[in-house]
Amino acid sequence: MDPIFYTLIGIVACLYSAVGHGGATGYLAIMTIYQLDPGIMAGSALILNCLTASIALAAYCRAGYLSLSLSLPFILVSIPFAFLGAICRPSDSQYSLLLAIVLILASARLLLLKTPPGSPDRFVRRPALKIVVPTGAVLGFLAGAVGIGGGVFLSPVIILSGWADTRTTSATAALFIVANSLAGLCARLINSSLEYGEMAPLLAVALAGSLLGSWSATRLSTSEYLRRLLAAVLLIAALKSLIQI
């Protein structure tokens, strides 16, 4: 891969880690544009996802924003479905279609949802199980099948439902992503379907980007320009993925 590819991976890691996300949708978008094999894309994105989200999770944990009472119900439901989604590996055409849908939804989330400024007061309101179960199940299965963590979709659900402040939401999303990514990786290992490319340079640039994103979270998370730029990249990748079906 050329230096631009690795630079883009580092930028995605920086932007996503700033808001407690793993960056799988961004990684998959870049890999789609560069026409990587779908199997390698899913495995590589999950590995990078674990790294980026873990760094973000550590930062939010140190600051005391992780709420297990909010996180655990979603995670306990999503993990088995993420495992199942990874076991039921879709064909290349099905994968391309699923990926295009995920990228379009992620792009719409970036463009339409205005994340409110962080509240100085931390709060957590436990969601009802009738919402937790279907939400965790759908996001978990989607995460396993496509190779994402699902946090990019869980975050707006929590914010719009008023279950937590923005920083607590980011911490929950980070833990959700790590758990689902590990479940997806385990399923692929057991199923002998874990594929990935040359990970050393990818991990290096993702690590650098994640550390920078966590350090400068406030500045980057409020950048409307960067939000729109990332949304445009996701849309381009979605269109390219649809063309490959």
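Note that the structure is predicted; figures quoted are calculated from it, not measured.

1. Observations concerning the overall build of the protein chain
Scanning the protein chain from terminus to terminus reveals 11 helices and zero strands. When its helices and strands are written in sequence order, the protein chain yields α-α-α-α-α-α-α-α-α-α-α. By residue count, 53% of the 245 residues in the protein chain fall in the buried class. Surface accessibility of the protein chain: about 10600 Å² in total, with carbon and sulfur atoms responsible for 69%.

2. Topic: the packing of aromatic side chains
Tallied over the entire structure, the rule returns four aromatic pairs. Judged by centre distance (5.0 Å) and plane angle (70 degrees), the ring pair of Phe-5 and Tyr-34 falls under edge-to-face. Of the two residues, Phe-5 sits in helix α1 (residues 3-17) while Tyr-34 sits in the loop between α2 (24-33) and α3 (38-62), which places them 29 residues apart along the sequence. Relative accessible area serves as the criterion here: at 24%, Tyr-34 is assigned to the partly exposed category. Taking the centre distance of 6.0 Å and the plane angle of 40 degrees together, the rings of Phe-74 and Trp-163 count as tilted. Of this pair, Phe-74 sits in helix α4 (residues 68-87) while Trp-163 sits in the loop between α7 (151-161) and α8 (166-190); the two residues are 89 residues apart in sequence, bridging distant segments of the chain. As far as the burial class goes, Phe-74 and Trp-163 line up, both buried. Taken together through their ring pairs, the aromatic side chains of Phe-5, Tyr-6 and Tyr-34 make up a single cluster.

3. A few points about helix α6 (residues 129-146)
Taking 1.5 Å of rise per residue, 18 residues should cover 26 Å, and α6 covers 25 Å from first to last C-alpha, within 8% of that figure. Here α6 has its buried residues at Val-132, Thr-135, Gly-136, Ala-137, Leu-139, Gly-140, Leu-142, Ala-143, Gly-144, Ala-145 and Val-146. Of the surrounding secondary structure, the elements contacted by the buried residues of α6 are α2, α3, α4, α5 (92-112), α7 and α8.

4. Some points on a nonpolar patch on the surface
Where nonpolar side chains cluster on the molecular surface, the patch consists of Leu-97, Ile-101, Ile-104, Leu-105, Leu-111, Leu-112, Leu-235, Leu-239 and Leu-242 and spans about 800 Å² of accessible area. Going through the elements one at a time, α5 and α11 (224-243) are the ones with two or more residues in the nonpolar patch. Tallying contributions element by element places α5 first for the nonpolar patch, with six residues.

5. Remarks on the packing of α2 against α3
Relative orientation of the contacting elements α2 and α3 amounts to 145 degrees, with a least axis distance of 9 Å. In this structure, α2 crosses over α3, and the sense of that crossing is right-handed. Here Ala-24, Tyr-27, Leu-28, Met-31 and Thr-32 of α2 come into contact with α3, specifically with Met-41, Ala-42, Ser-44, Ala-45, Leu-48, Asn-49 and Thr-52. Residues belonging to the contact of α2 with α3 are distributed by class as follows: eight nonpolar, four polar and no charged.

6. Let's talk about the confidence of the model for the protein chain
Residues at a pLDDT of 70 or more form 89% of the protein chain, whose mean pLDDT is 84. Least confident of the elements in the protein chain is helix α10 (residues 217-221), whose mean pLDDT is 49; most confident is α4, at 94. Predicted confidence for residues 218-222 stays below pLDDT 50, and this span has seven contacts to residues more than four positions away or in other chains.

7. As for the environment of Cys-50
Along the chain, Cys-50 turns up in helix α3. In this structure, the C-alpha to C-alpha distance between Cys-50 and Ser-181, residues 131 residues apart in sequence, is 6.1 Å. With near-sequence residues (within four places) excluded, Cys-50 lies in contact with Val-178, Ser-181, Leu-182 and Leu-185.

8. Brief notes about the environment of Ala-100
If you trace the backbone, Ala-100 turns up in helix α5. As a C-alpha pair, Ala-100 and Ala-238 span 138 residues in sequence and 4.3 Å in three-dimensional space. Once you skip the residues sitting within four places of it in the chain, Ala-100 turns out to touch Ala-238, Ser-241 and Leu-242.

9. A few points about the side chain of Thr-168
For Thr-168, the position within the fold is in helix α8. At a separation of 2.7 Å, a polar atom in the side chain of Thr-168 contacts the side chain of Asp-165. Discounting residues that sit within four places of it in the chain, Thr-168 has contacts with Tyr-65, Ser-67, Leu-70 and Val-124.

So, how was this worked out
Residues numbered from 1 in each chain as written. Predicted model: local features only at pLDDT ≥ 70, side-chain atom pairs only at ≥ 80, totals over all residues. Heavy atoms only, no water. Helix = DSSP H or I, 4+ residues; strand = E, 2+ residues; numbered from the N terminus. Buried < 20%, exposed > 50% of the residue type's maximum accessible area, 1.4 Å probe, protein only. Areas by Shrake-Rupley, 256 points an atom, 1.4 Å probe, with all protein chains shown as cover. Phe/Tyr/Trp six-rings, centres within 6.5 Å; stacked < 30°, edge-to-face > 60°. Expected span 1.5 Å × (residues − 1). Contact = heavy atoms within 4.5 Å. Patch = residues over 30% accessible without salt bridge, like charges linked within 9 Å, V, L, I, M, F, W, Y side chains within 5 Å. Salt bridge = Lys/Arg side-chain N within 4 Å of Asp/Glu carboxyl O. Axes fitted to C-alpha atoms, helices over the stretch in contact; angles between N-to-C directions. Left-handed = near helix turned anticlockwise from the far one by under 90°. Nonpolar A, V, L, I, M, F, W, Y, C, P; charged D, E, K, R; others polar. pLDDT = per-residue confidence, 0-100. Polar contact = N/O pair within 3.5 Å; in protein donor to acceptor, adjacent residues only side chain to side chain.

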